[in-house]
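Working through the structure, step by step
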Amino acid sequence: QVQLVESGGGLVQAGGSLRLSCAASGRSFSSLTMGWFRQAPGKEREFVAAIRWSASSTNYADSVKGRFTISRDAAKNTVYLQMSSLKPEDTAVYYCAAGGLGVPAVIPASYSSWGQGTQVTVSS
């Protein structure tokens, strides 16, 4: 079991930047896929980005590609989502998640551990 604690959400103007952090604990992370998802009110949870912990290979939703960067710091057991050029449509609760290597990273069912979420609000 992996425990995930998120931080870094907040209110930002359109065009601004935020960096979300997800501190992980509970087991070795070398075989994990770490993902970020988001959910707006009344909407389905949607994939944002994922990273293979060991190889640092990444995957992004088309809606955030070129604006968001997922990364991890092994020394801190932390995964980050660096968000820039934020748009009002990025407003959502953002969740980090952990799953195995051999999973389709873009679907929530692939992840067995979830953080509690952190609110990101982008104003016009």
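Refer to the structure above for everything that follows.
Below you will find a few notes about this structure. This one's a predicted model, so the numbers in the text were calculated from it and none came from an experiment. (Residues numbered from 1 in each chain as written. Predicted model: local features only at pLDDT ≥ 70, side-chain atom pairs only at ≥ 80, totals over all residues. Heavy atoms only, no water.)

1. Remarks on the pattern of salt bridges
Applied cut-off: Basic side-chain nitrogens of Lys or Arg form a salt bridge, by our definition, when they fall within 4 Å of a carboxyl oxygen of Asp or Glu. The secondary structure listing takes helices from DSSP runs of H or I that are at least 4 residues long and strands from runs of E that are at least 2 residues long, numbered from the N terminus. Only protein chains enter the accessibility calculation, which uses a 1.4 Å probe; a residue is then buried when its area is under 20% of its type maximum, exposed when over 50%, and partly exposed in between.
Counted according to the given criterion, the structure contains four salt bridges. Linking R67 and D90 is a salt bridge whose minimum nitrogen-to-oxygen distance equals 2.7 Å. Here the residue R67 occupies a position in the loop between β6 (58–60) and β7 (68–73), and D90 occupies one in the loop between β8 (78–83) and β9 (92–100), the gap between them amounting to 23 residues. Each member of the pair, R67 as well as D90, carries the same accessibility label: buried.

2. Considerations on the packing of aromatic side chains
Quick reminder of the rule: The rule is short: rings of Phe, Tyr and Trp, with Trp giving its six-membered ring, pair when the centres are within 6.5 Å, and they are stacked under 30 degrees, edge-to-face over 60, tilted in between. We count a charge as sitting over a ring when the NZ of a lysine or the CZ of an arginine lies within 6 Å of the ring centre and within 35 degrees of the ring normal.
For the structure on display, the rule yields five aromatic pairs. Measuring from centroid to centroid gives 6.5 Å for Y95 and W114, while their planes differ by 80°, and the two rings are edge-to-face. Remark: W114 occurs in strand β10 (residues 111–114) and Y95 occurs in strand β9; sequence separation between them is 19 residues. Summarising the aromatic geometry, the rings of Y111 and W114 are spaced 5.9 Å apart at their centres and angled 65° between planes, so their arrangement reads as edge-to-face. Looking at W114, the relative accessible area reads 24%, which means it is partly exposed. One aromatic cluster is present, built from ring pairs that chain together F37, F47, Y95, Y111 and W114. A cation over a ring is seen here: R45 above Y95, with NZ or CZ 3.8 Å from the ring centre.

3. Brief notes about the side chain of E6
Our working definition: In this tally, Asp and Glu contribute negative charge and Lys and Arg positive charge; neither His nor the terminal groups of the chain are included. Whenever a nitrogen or oxygen atom comes within 3.5 Å of another N or O atom, the pair is scored as a polar contact, on the condition that within protein one atom can donate a hydrogen and the other can accept it, and that pairs from neighbouring residues in sequence are kept only if both atoms are in side chains. Contacts between residues were defined by any pair of non-hydrogen atoms, one from each residue, lying within 4.5 Å.
Along the polypeptide, E6 turns up in strand β1 (residues 3–7). This buried residue, E6, is left without a salt bridge; R45 holds the nearest opposite charge, at 7.8 Å. At 2.3 Å, the side chain of E6 forms a polar contact with the backbone nitrogen of G117. Those residues in contact with E6, other than ones at most four positions away along the chain, are S21, C22, W36, Y94, Y95, C96, G115, Q116, G117 and T118.

4. Some remarks on the sheet that holds β7
Two pairing modes exist for strands in a sheet, parallel and antiparallel, and in both the strands are linked by backbone hydrogen bonds. Here is the rule we go by: When DSSP finds two or more bridges between a pair of strands, those strands are recorded as paired. Axis definition: a line fit to C-alpha positions, over the contact stretch in the case of helices; interaxial angles, taken between N-to-C directions, run 0 to 180 degrees.
Across the sheet, four strands lie side by side as β1-β3-β8-β7; this open sheet has antiparallel pairing. Two strands close off the open sheet at either side, each with one partner strand: β1 and β7. The average undirected angle you get between the axes of adjacent strands in this sheet is 20°. With six bridges connecting them, β7 and β8 associate as antiparallel partners. Bridged to S71 within β8 is Y80.

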